[in-house]
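# Analysis of the macromolecular model
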Amino acid sequence: MSKDKFVFVKSENNHISYCALTVDECFFAATRDQEWIQSQVDMLKTAFEELTVERREVINILGMTVHMERDKRRAVIKQKKRFVDKLTEEFKVAK
């Protein structure tokens with residue numbers, strides 16, 4: 001089903017977290033602060049019955065490829081334009 005994909009963003013003070021969800025996967029990225037990360041993971045564990053946390057260098061989810069460049073302290077997120085166009089059309093987003 002095409003409407004079972006979501007991306008949530010939480011921002012608080014100088015911290016931010018991103019959570020992309022599908023029916024059976026979750027991608028989570030956050031400000032590098034272990035206390036903040038743990039509080040967000042705890043929130044997700046409360047919301048979902050089962051949660052497994054993994055760290056990987058390249059992740060593919062929701063039509064995005066996320067590559068962790070740890071030496072440069074950044075995450076590079078790429079997404080094919082076709083996928084973005086499909087989402088904006090489906091959710092009737094004009095901008």
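Here the structure is shown first, and the text comes after it.
Residues numbered from 1 in each chain as written. Predicted model: local features only at pLDDT ≥ 70, side-chain atom pairs only at ≥ 80, totals over all residues. Heavy atoms only, no water.

## Some details on helix H1 (residues 34-47)
With 14 residues, H1 should reach 20 Å at 1.5 Å per residue; the first-to-last C-alpha distance of 20 Å fits that figure. What H1 keeps buried is the set Trp36, Ile37, Gln40, Val41 and Leu44. The buried side chains of H1 occupy one side of the element, clustering within an arc of 130° when seen end-on. Exposed residues lying more than 90 degrees from the buried face of H1 are Gln34, Glu35 and Thr46. Against strand S1 (6-12), strand S2 (15-21) and strand S3 (26-30) lie the buried residues of H1. In this structure Asp33 caps H1, since a side-chain oxygen of it lies 3.0 Å from the backbone nitrogen of Glu35. (Helix = DSSP H or I, 4+ residues; strand = E, 2+ residues; numbered from the N terminus. Expected span 1.5 Å × (residues − 1). Buried < 20%, exposed > 50% of the residue type's maximum accessible area, 1.4 Å probe, protein only. Arc of directions from axis to C-beta. Contact = heavy atoms within 4.5 Å. Polar contact = N/O pair within 3.5 Å; in protein donor to acceptor, adjacent residues only side chain to side chain.)

## Structural notes on the nonpolar core
Core analysis: the biggest nonpolar cluster contains five residues, these being Ala20, Phe27, Ile59, Met64 and Val66. If sequence neighbours within four positions are ignored, Met64 has contacts with Ala20, Ile59, Ile77, Lys78 and Gln79. (Core = buried A, V, L, I, M, F, W, Y, C linked by side-chain atoms within 4.5 Å.)

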